[in-house]
Amino acid sequence: MKYSLFAAAFCLLFASFTFTQSDEINIIPKPRSVKKLSGAFKLTKNTRIVALDEAGRKMAGLLNDLLVKNYGFKLKINSKPPTNNYIQFLPPDLSIRETTLPGRPNLLHSIKIQPDRIEITGYEEGLFYGLQSLKQLLPLEFKSSIEIPALLIVDYPRFGYRGMHLDVGRHFMPVEFVKKYIDLMSQYKFNNFHWHLTEDQGWRIEIKKYPKLTEIGSKRPESMKEKNFTPYIGDGVPEGGFYTQEQIKDVVAYANARYINVIPEIELPGHSSAALAAYPELGCKADYKYKVQTTWGIFKEVYCPTEKTFGFLEDVLTEVIGLFPDSPYIHIGGDEVLKDMWKESPEVRELMARENLKDEREVQSYFIRRMEKFINSKGKKIIGWDEILEGGLAPNATVMSWRGIKGGIEAARAKHDVIMTPTDYSYFDYGQGDPATEPINIGGYLNLEKVYSFDPVPKELAGDDAKYILGGQANIWTEYLQTPAAVEYMAFPRMLAMAEDVWTTPENKNFVDFSRRLSSHYAQLDKQGVNYRIPEPGGLQNIVTENEKAVITLTPARGTVVIYTIDGSDPNVKSSEQYNQPLAIPLKVGEAKTLKTIVISSAGRKSVVYGATLLRHDYLKPAELAEKRPGVTFGFITRPANGSTDPVLSSGETKTTGLQQFAKTTDLKGTFGVTFDGYLNIPADGMYEFQAESTWDTAVFIDGEKLIEDAGIKDRKIRSAIIPLRAGLHKVSLRYNNHGGDPFFRVRWAIKGQNWRNIGGGELVH
Ligand code: ACM
């Protein structure tokens, strides 16, 4: 059947039918305990809400807001229960707390759904979370009534800190979007919004005493287009925007009403180019032309540790603290500080002598300690990225561990609080799928399952030290995310996996079960206008077979339609087939075909192309090496510069596959040939892709099998090929001949569909 409007309509019906299936409990994050009771509660327009106290009335108001938004009606609120059919908010059920569930009693809550009433118990914040769970039990549409299955849910979170971050420095995000983000966070029970407000590329918060911070620092006017713009360096789009103090207060109040604390981040001493563009006297070089950066990266422009700078930062932080009165924390950055400008500064040398600081790392530590002392004096604590460990940790600092978990472990062992946000699990600027078809992103590869496997408490932290892990957070850096829709694409559905990582206990987590529950959330996200990444069809994976046909069975997510091609073209809603039964795709020996799919959501949105390669080929077996030495063997052949025609050959061992190592003896613009041979450790059985980017003749062999061979012309180009490999060591042989002009030769590899890794030599053995 071709995809058609009829199919779309069928699909929508199917989606709403399954969403209301009453025997499934699809709450995310998964609660601690869910017991099914018998019967169901029937919510009608005559159902009453019962609120006995202030907290109850607040929740009654929120429930009515929700009903109005979803169904267009609200319920009457009573101060006493009627005989039946009511939803009541009650103080905590102390019997539950004291007998069965110690820990986090302020968030402990229960939801008891019976045929005649729903009772939600807890302190105010617990009631709010109970309400979020109840919301997830409601269908998208109201006919004449709603049946909610009878249940007893008892719940409270594993961690006290459940965070989401948003970088508004690289790209400014409007207030309406920030509020939407906060709404979605609260729906999934996050309680800390880390607002990254200052960056090299933009200062986004109004500071009354220093108006140039926003007049100059919030604007990135320069278009790179005229300057050989490449999208990998900057986006070339003029950018501006900042939040007024009134807007900041409005967002903070909005978040607080949803039990979310907002932590402002004011970056220091690095990532401060925008501030320095506004106030160059805060840098170490008087005559330097500081500017709001128009490219991405780490910059050498940093605050100079002078009294003038400290005075400025104290003024700024005083205003900031006033705008975030309830946040216990102020985040002061501390990451990626290049020390070049400090090294050349007489003022820094003087400071080092005066304070007995032995190197620039200690200068950085001095900087952070001083800011901590000031912030502590205002009754707040600092959070800093894990670089604040270098040169000595400030006494009361909380460490946000991002360069892996190492910094977090070290800090916890030193009895400092830690928030875990390691790149490998929680950097939502990383790609979620095949880089060939995902929207441009910072690189990396972090799929949903990997996010879901995140445990903020590292195995290495035994006993008491684990208690310093306050929780976890996902970060969304916006170098490549110009719009709210782009942020949503990166945040969802990964944010739901992170929600479960920081709420649910590990024993209670299971990815298959999570995926099943997740599928019912897409329709809700559609209704909320969230540009989530539409999931790949289940079962779409690279297949290596020795048979005449590759058989592939897809399990499209609930409510989605999958269209596909196998001829290499992108699927098209008008002409491509719709998937409705397993595919058996014929393959000749050695042949590869690509199954390309597009998934259409229940709301009619189309995914990017999701592909899988089907390959008929034997797996290559790994080699055993008695001795392993790092690096590769090489051969190098050239003609001497003295005019002799006899070639000169050299060979040996080297740690790198870079051509530059031969520049000492050879003019690399001339004629030469080079070979590198080493063994690459393949992590798991699978289909691997190798890619060579080069100018002249190029070849790549794996275990002696020719994968790429191309007698090039003087024109840089990319060639790639796939090969199935068993886990273990495989011989990689690289060949390159240059015939004049600038040489270029780079080889990369990837698990097919994931991110490229360079073969630089260091990861090989011989
Ligand atoms: C960071 O990603 N530089 C904290």
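Source: prediction; values computed, not measured.

*Asks:* Could you give an account of the overall build of the protein, with specific residues and numbers?
*Replies:* A tally of regular secondary structure across the protein gives 19 helices and 37 strands. Scaling as 2.2 N^0.38, a compact globule of 766 residues should have a C-alpha radius of gyration of about 27 Å, and the protein matches this with 29 Å. Based on the C-alpha atoms only, the size of the protein along its principal axes is roughly 105 × 75 × 55 Å. Counting the 766 residues in the protein, one finds 56% classified as buried. Here the contacts in the protein between residues at least 6 apart in sequence split such that 74% fall between residues at least 24 apart.

*Asks:* Residue-level account of the packing of aromatic side chains, with values.
*Replies:* A complete count under the given rule lists 36 aromatic pairs for this structure. An angle of 55° between the planes, with centres 5.5 Å apart, marks the rings of F634 and F662 as tilted. Taken together, the residues span a long stretch of sequence, with F634 in strand 27 (residues 632–638) and F662 in the loop between strand 28 (648–654) and strand 29 (671–682) at a distance of 28 residues. The buried category is assigned to F634, whose relative accessible area is 14%. Just above the ring of F744 sits the side chain of R716; from NZ or CZ to the centre is 3.5 Å.

*Asks:* Give me the sheet that holds strand 14 (residues 261–268): which residues, what numbers.
*Replies:* Overall, parallel pairing links the eight strands, which are arranged 8-9-14-15-16-17-18-19 in a closed barrel. For this sheet, the mean angle separating the axes of adjacent strands, direction not counted, is 30°. One ladder, built from two bridges, connects strand 14 with strand 15 (residues 329–333); its direction is parallel. Bridged to E265 within strand 15 is H331. The sheet contacts of helix 5 (residues 175–187) involve strand 8 (161–167) and strand 9 (192–196), and relative to strand 9 the element is tilted by about 150°.

*Asks:* Run through the side chain of E265, naming residues and quoting values.
*Replies:* By the secondary structure assignment, E265 is in strand 14. Polar contacts involving the side chain of E265 include one to the side chain of H194, which spans 2.7 Å. The residues contacting E265, other than those within four sequence positions of it, are H194, W195, H196, L197, T198, H331, G333 and W385.

*Asks:* Talk me through helix 12 (residues 360–377); I want residue IDs and the actual numbers.
*Replies:* Taking 1.5 Å per residue as the helical rise, helix 12 with its 18 residues ought to reach 26 Å, and the 26 Å between its terminal C-alpha atoms agrees with that figure. For helix 12, every residue scored as buried is listed here: E360, E362, V363, Q364, S365, Y366, F367, I368, M371, E372, F374 and I375. On its buried face, helix 12 sits against strand 14, helix 9 (307–323), strand 15, helix 10 (340–343), helix 11 (346–355) and strand 16 (381–385). For helix 12, the capping residue at the N-terminal end is D359, with a side-chain oxygen 3.2 Å from the backbone nitrogen of R361.

*Asks:* So, the pairing of strand 6 (residues 117–122): which residues are in play, and what are the values?
*Replies:* Burial analysis of strand 6 places five of its six residues in the buried class, the great majority of the element. Note: strand 4 (residues 86–90) against strand 6, five bridges, orientation parallel. Among the inter-strand pairings, F89 is bridged to a residue of strand 6, identified as I120. Alignment of strand 5 (residues 109–113) against strand 6, held across five bridges, turns out to be antiparallel. The partner of S110 across the bridge, within strand 6, is T121.

*Asks:* Give me unusual backbone geometry: which residues, what numbers.
*Replies:* A cis amide bond links I28 to the next residue, P29, at an omega of -5°. On the secondary structure map, P29 appears in the loop between helix 1 (5–19) and strand 1 (33–43). Here the amide bond leading from F492 into P493 is cis, since omega sits at 10°, within 30 degrees of zero. By the secondary structure assignment, P493 is in the loop between helix 16 (484–491) and helix 17 (494–503).

*Asks:* Would you mind going over the state of the cysteines in detail, with residue names and values included?
*Replies:* Summed over all chains, the structure comprises one disulfide. The disulfide that involves C284 links it to C304, with 2.0 Å between the sulfurs. Here the disulfide of C284 and C304 is right-handed, its torsion about the S-S bond being about 95°. Of the two residues, C284 is situated in the loop between helix 8 (273–278) and helix 9 and C304 in the loop between helix 8 and helix 9; the sequence distance between them amounts to 20 residues. Its relative accessible area of 0% is what places C304 among the buried residues.

*Asks:* Tell me about the pattern of salt bridges, residues and numbers included.
*Replies:* In the structure shown here, the tally under the stated rule is 42 salt bridges. The salt bridge involving E119 is made with R117; its shortest N-O contact spans 2.9 Å. When its relative accessible area of 17% is taken as the criterion, E119 is described as buried. Measuring nitrogen to oxygen at the nearest pair gives 2.8 Å for the salt bridge that ties K358 to E362. Judged by relative accessible area, which is 66%, K358 ranks as exposed. Among the charged side chains, a salt-bridge network with shared partners connects E24, K30, E500, D513, R516, R517 and R558.

*Asks:* Outline the pairing of strand 31 (residues 698–702), supporting the account with residue identities and numerical values.
*Replies:* Along a regular strand, successive side chains alternate from one face of the sheet to the other. In terms of burial, strand 31 is largely enclosed, as four of its five residues are buried. Pairing of strand 31 with strand 32 (residues 705–710), which is carried by five bridges, proceeds in the antiparallel orientation. For A699, the partnering residue across the bridge sits in strand 32 and is E709. Between strand 31 and strand 32, which follow one another and run antiparallel, lie two residues, and D703 among them has a positive phi close to 50°. Here strand 31 pairs with strand 34 (residues 728–739) via five bridges, running antiparallel. What sits directly across from A699, in strand 34, is R735.

*Asks:* So what's going on with the side chain of R533? Residues and values would help.
*Replies:* Within the secondary structure, R533 sits in the loop between helix 19 (521–527) and strand 20 (543–545). With relative accessibility at 5%, the residue R533 sits in the buried group. Among the polar contacts made by the side chain of R533, one reaches the side chain of E536 at a distance of 2.9 Å. With residues near it in sequence (within four places) discarded, R533 still touches Q432, G433, E438, Y489, F492, P493, Y522 and Y610.

*Asks:* Which residues make up helix 11, and what are the values?
*Replies:* Restricting attention to buried positions, one finds in helix 11 the residues V348, L351 and M352. Looking down the long axis of helix 11, one finds its buried residues gathered within 100° of arc, a one-sided arrangement. Exposed and oriented more than 90 degrees from the buried face of helix 11 are E350, A353 and R354. In the core, the buried residues of helix 11 are packed alongside helix 10 and helix 12. The distance from a side-chain oxygen at the start of helix 11 to the backbone nitrogen of E347 is 3.2 Å, and the residue carrying that oxygen is S345. In the segment just after helix 11, N356 is the residue with positive phi, at about 60°.

*Asks:* Mind laying out the confidence of the model for the protein, listing which residues take part and the relevant values?
*Replies:* On average, residues of the protein score 91 in pLDDT, and 93% of them reach the 70 mark or higher. Of the regions scoring below 50 in pLDDT, residues 1–22 engages in 31 contacts with residues more than four places distant in sequence or in other chains. For the stretch residues 223–232, pLDDT sits under 50, and the model shows 15 contacts to residues farther than four places along the chain or on other chains.

*Asks:* If you had to explain the packing of helix 2 (residues 54–71) against helix 4 (residues 124–137) to someone new, which residues and values would you point to?
*Replies:* Contact geometry of helix 2 with helix 4 gives a least axis separation of 10 Å together with a crossing angle of 25°. Comparing the axis directions of helix 2 and helix 4 gives the class roughly parallel. The interaxial crossing formed by helix 2 with helix 4 has right-handed handedness. Taken together, the residues of helix 4 that come into contact with helix 2 (itself represented by A55, K58, M59, L62, L63 and L66) are E124, L127, F128, L131, L134 and K135. Split into classes, the residues belonging to the contact of helix 2 with helix 4 amount to nine nonpolar, no polar and three charged.

Rules behind the numbers
- Residues numbered from 1 in each chain as written.
- Predicted model: local features only at pLDDT ≥ 70, side-chain atom pairs only at ≥ 80, totals over all residues.
- Heavy atoms only, no water.
- Helix = DSSP H or I, 4+ residues; strand = E, 2+ residues; numbered from the N terminus.
- Rg over C-alpha atoms; globule rule 2.2 N^0.38 Å.
- Buried < 20%, exposed > 50% of the residue type's maximum accessible area, 1.4 Å probe, protein only.
- Contact = heavy atoms within 4.5 Å.
- Phe/Tyr/Trp six-rings, centres within 6.5 Å; stacked < 30°, edge-to-face > 60°.
- Lys NZ or Arg CZ within 6 Å of the ring centre and 35° of its normal.
- Pairing = 2+ DSSP bridges.
- Axes fitted to C-alpha atoms, helices over the stretch in contact; angles between N-to-C directions.
- Polar contact = N/O pair within 3.5 Å; in protein donor to acceptor, adjacent residues only side chain to side chain.
- Expected span 1.5 Å × (residues − 1).
- Disulfide = S-S within 2.5 Å.
- Salt bridge = Lys/Arg side-chain N within 4 Å of Asp/Glu carboxyl O.
- Arc of directions from axis to C-beta.
- pLDDT = per-residue confidence, 0-100.
- Parallel < 35°, antiparallel > 145°, perpendicular 65-115°, else oblique.
- Left-handed = near helix turned anticlockwise from the far one by under 90°.
- Nonpolar A, V, L, I, M, F, W, Y, C, P; charged D, E, K, R; others polar.

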